[in-house]
Amino acid sequence: MLEFVKDLFGVARDTRGVVKEVQDQKSKARGVKNKILAEVEFNMDLILDHYLDKNAPEEKVIEKLRLDQVTKAMEEGFDFRKVKKGTITRELTGDNPFLNKYIGYDCEALLRKIRHHIEQIKLLPELYNLKEDKKINVKSRLENLGKRYLLFARFLTAK
């Protein structure tokens, strides 16, 4: 994941620095925007720090992933352009084939995609024995969720 961060953000970056940028944006925000960014920050810390860096158990990480604020904002018709205007461009995704499919997404579309993947990940412990079922690659799914959050952070802080 560190190579992914360096490719996306540059050599001098690490996941802590990226999460710090989201924290900085959150500190300037109020209301719904602040709640959404707090949830994003929480999930990023959970995946990038606790899971990928410190190897917290997958089941516990999945259980703790949050969706309440993003879901509530979507249900209430929140204007996600208040979080970030514009769309994801090739400059933000670089040459990364995994991220290139998100070119053209706006803030709401990207957060909807992230929400969908979290909902799917949260089903896994209910549907499968994650310790024994080798058809389900939970690590890959959580890493990919982390990549989506890193793209969101890059989008959020882009000029």
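Residues numbered from 1 in each chain as written. Predicted model: local features only at pLDDT ≥ 70, side-chain atom pairs only at ≥ 80, totals over all residues. Heavy atoms only, no water.

**Let's talk about the confidence of the model for the protein chain**
Low-confidence regions, as indicated by low pLDDT, have predicted coordinates that should not be scrutinised in detail. Taken as a whole, the protein chain shows an average pLDDT of 91; of its residues, 91% reach a score of 70 or greater. Taken element by element, the predicted model of the protein chain shows its lowest mean pLDDT in helix α1 (residues 2-9) (59) and its highest in helix α5 (residues 68-75) (98). (pLDDT = per-residue confidence, 0-100. Helix = DSSP H or I, 4+ residues; strand = E, 2+ residues; numbered from the N terminus.)

**Some thoughts on the packing of α5 against helix α8 (residues 107-127)**
Where α5 meets α8, the closest approach of the two axes is 11 Å, and the angle between their N-to-C directions is 130 degrees. The pairing of α5 with α8 is recorded here as oblique in orientation. Two packed elements cross with a definite hand, and for α5 against α8 that hand is left-handed. Where α5 approaches α8, its residues Val70, Thr71 and Met74 are matched on the opposing element by Glu108, Leu111, Arg112 and Arg115. Split by residue class, the contact of α5 with α8 holds 3 nonpolar, 1 polar and 3 charged. (Axes fitted to C-alpha atoms, helices over the stretch in contact; angles between N-to-C directions. Parallel < 35°, antiparallel > 145°, perpendicular 65-115°, else oblique. Left-handed = near helix turned anticlockwise from the far one by under 90°. Contact = heavy atoms within 4.5 Å. Nonpolar A, V, L, I, M, F, W, Y, C, P; charged D, E, K, R; others polar.)

**Overview of the packing of aromatic side chains**
Considering all chains together, one arrives at 3 aromatic pairs under this definition. With centroids separated by 5.2 Å and ring planes inclined at 85 degrees, the aromatic side chains of Phe78 and Phe80 adopt a geometry described as edge-to-face. Residue class for Phe78 comes out buried when judged on its relative accessible area of 16%. Judged by relative accessible area, which is 2%, Phe80 ranks as buried. Plain terms: the ring middles of Phe98 and Tyr102 are 6.4 Å apart, the flat faces sit at 65 degrees to each other, and that makes the pair edge-to-face. Considered together, Phe98 and Tyr102 belong to a single accessibility category, that of buried residues. Ring pairing ties together the aromatic residues Phe98, Tyr102 and Tyr105, which thus form one cluster. A cation sits over an aromatic face here: Lys84 above Phe155, 6.0 Å from the ring centre. Here the basic side chain of Lys147 rests over the ring of Phe98, its NZ or CZ set 5.4 Å away from the ring centre. (Phe/Tyr/Trp six-rings, centres within 6.5 Å; stacked < 30°, edge-to-face > 60°. Buried < 20%, exposed > 50% of the residue type's maximum accessible area, 1.4 Å probe, protein only. Lys NZ or Arg CZ within 6 Å of the ring centre and 35° of its normal.)

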